[in-house]
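Listed below, chain by chain, are the residues.
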Amino acid sequence: MIRDQIESRGVSDPLVLKAMRAVPRHAFVPEKFRSQAEADSPLPIGLDQTISQPYVVAAMTELIHPKAGGKVLEIGTGSGYQAAVLAEIGMEVYSIEILELLGMQAKRNLEAAGYTDLYLWIGDGNKGWPEAAPFDSIIVTAAPPRIPQALKEQLKVGGRMVIPVGQSYQELFVITRTEDGWNEETVFPVRFVPMTGEVR
Ligand code: SAH
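Residues numbered from 1 in each chain as written. Predicted model: local features only at pLDDT ≥ 70, side-chain atom pairs only at ≥ 80, totals over all residues. Heavy atoms only, no water.

> For this particular structure, what's the right way to read the overall build of the chain?
A count of helical and extended segments in the chain gives six helices and nine strands. In terms of overall dimensions, the chain is globule-like: its C-alpha atoms have a radius of gyration of 15 Å, near the 16 Å expected for 200 residues. Across its three principal axes, the chain shows a C-alpha extent of roughly 50 × 35 × 35 Å. Of all 200 residues assigned to the chain, the portion counted as buried reaches 52%. When contacts within the chain are restricted to residue pairs at least 6 apart in sequence, long-range pairs at least 24 apart make up 55% of them. Accessible surface computed for the chain: about 9,400 Å², of which carbon and sulfur atoms make up 50%. For the chain, the centre of its 19 positive side-chain charges and the centre of its 25 negative side-chain charges are spaced 2 Å apart. (Helix = DSSP H or I, 4+ residues; strand = E, 2+ residues; numbered from the N terminus. Rg over C-alpha atoms; globule rule 2.2 N^0.38 Å. Buried < 20%, exposed > 50% of the residue type's maximum accessible area, 1.4 Å probe, protein only. Contact = heavy atoms within 4.5 Å. Areas by Shrake-Rupley, 256 points an atom, 1.4 Å probe, with all protein chains shown as cover. Lys, Arg positive; Asp, Glu negative; His and termini not counted. Charge placed at Lys NZ, Arg CZ, Asp CG, Glu CD.)

> Which parts of the structure should I look at to understand the site of the ligand?
The local shell around the ligand holds 27 residues, among which Glu74, Ser79, Glu97, Gly125 and Thr196 are the closest. A distance of 3.0 Å separates a nitrogen atom of the ligand from a polar atom in the backbone of Gly76. Contact between the ligand and Asp124: a nitrogen atom at 3.0 Å from a side-chain N or O atom of the residue. Protein chains bury 99% of the 580 Å² of accessible surface belonging to the ligand in isolation. Elements with a minimum of two residues in the shell around the ligand: strand 2 (49–51), strand 3 (71–75), helix 4 (81–89) and strand 4 (92–97). (Near = heavy atom within 4 Å. Polar contact = N/O pair within 3.5 Å; in protein donor to acceptor, adjacent residues only side chain to side chain.)

> What is the right way to look at helix 3 (residues 54–63) in this model?
In terms of burial, helix 3 is a largely internal element, nine of the ten residues being buried. Buried residues of helix 3: Pro54, Tyr55, Val56, Val57, Ala58, Ala59, Met60, Thr61 and Leu63, and no others. One or two positions beyond helix 3, positive phi appears at His65, with a value near 55°.

> What am I meant to see in the nonpolar core here?
Generally speaking, soluble globular proteins have nonpolar side chains that are buried together. Residues Val11, Met20, Phe28 and Tyr81 are the most contacted members of the largest nonpolar core, which totals 45 residues. A total of seven residues in this core trace back to one element, the largest contributor, which is helix 3. Look past the residues within four positions of Val11 in its chain and what remains in contact with it is Ile6, Val16, Leu17, Tyr55, Ala58, Ala59 and Glu62. Ranked by size, the runner-up nonpolar core spans 20 residues in total, among them Ile75, Tyr94, Ile96 and Ile175. (Core = buried A, V, L, I, M, F, W, Y, C linked by side-chain atoms within 4.5 Å.)

> Just checking my understanding: could you explain the pattern of salt bridges for this structure?
Applying the stated criterion across every chain yields a total of seven salt bridges. We note a salt bridge from Lys156 to Asp136, for which the minimum N-O separation is 3.2 Å. You can see Lys156 sitting in strand 7 (residues 155–166) and its partner Asp136 sitting in strand 6 (residues 135–140), a full 20 residues away along the chain. Residue classification places Asp136 among the partly exposed positions, given a relative accessible area of 26%. (Salt bridge = Lys/Arg side-chain N within 4 Å of Asp/Glu carboxyl O.)

> How should the packing of aromatic side chains be read in this particular structure?
Taken as a whole and judged by the stated rule, the model has six aromatic pairs. Look at Tyr94 and Trp129: their rings are 5.1 Å apart centre to centre, the planes differ by 85°, and that puts the pair in the edge-to-face class. Of this pair, Tyr94 sits in strand 4 while Trp129 sits in the loop between strand 5 (119–122) and strand 6, and the two are 35 residues apart along the sequence. By relative accessible area, Tyr94 is classed as buried at 8%. Since its relative accessible area comes to 13%, Trp129 is described here as buried. Taking the centre distance of 5.7 Å and the plane angle of 45° together, the rings of Trp121 and Trp129 count as tilted. (Phe/Tyr/Trp six-rings, centres within 6.5 Å; stacked < 30°, edge-to-face > 60°.)

> Where do I start with the packing of helix 3 against helix 4 in this structure?
When two helices pack together, their arrangement is captured by the angle between the axes and the distance separating the axes. At a minimum axis distance of 11 Å, the contact between helix 3 and helix 4 shows a crossing angle of 45°. Viewed along their axes, helix 3 and helix 4 adopt a mutual orientation that is oblique. As for how helix 3 packs across helix 4, the hand of that crossing is right-handed. Contacts between helix 3 and helix 4 involve Val57, Met60 and Thr61 from the former and Tyr81, Gln82, Val85, Leu86 and Ile89 from the latter. (Axes fitted to C-alpha atoms, helices over the stretch in contact; angles between N-to-C directions. Parallel < 35°, antiparallel > 145°, perpendicular 65-115°, else oblique. Left-handed = near helix turned anticlockwise from the far one by under 90°.)

This is the structure we're talking about:
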């Protein structure tokens, strides 16, 4: 999975590759899809949601320029897999899931795989996590129609956010906070489940 799907497509950050090797992806995939856990595609996790494709998880993690000890906010805990990759790198992970059932399942998945040191919250990620802000990095794993202002404001200066934006056509954006505003660049087209809740 790492060599054929991830390194071959250009992900090279050693911290990311090491974490992707260490996290047991099958522990985050529902029983009946376990045999496909390392497939080159997203997989259903219930309630019409999906665990992202391994390459997309690796590429998004690389794009935030992760560092051990950095503080990261994830929107869309889903299965907990992306959160586990960030925790494996040694980041302080805050993750928000809007669907209670998935949030509880993610907590169980993470604990079973030995990741007990994360801050998980059930709620609407459009508002971010103001009490824990500012963050070095923000990873959004559901697509809003536009970038939520609250998330931009919860980035540290120099911090990076990676977020899929759009509806039927989506692109991955990287937002960097600067001294006097934000820089936005697009990376590649993606397909994520829509971000729900109240986009402001
Ligand atoms: N990162 C996940 C994949 C998530 S799929 C993983 O590694 O498995 C996207 C998730 O975003 C879904 O679970 C969905 O319920 C959640 N989501 C959608 N809108 C949201 C919102 N406004 N706030 C928080 N979570 C949201």
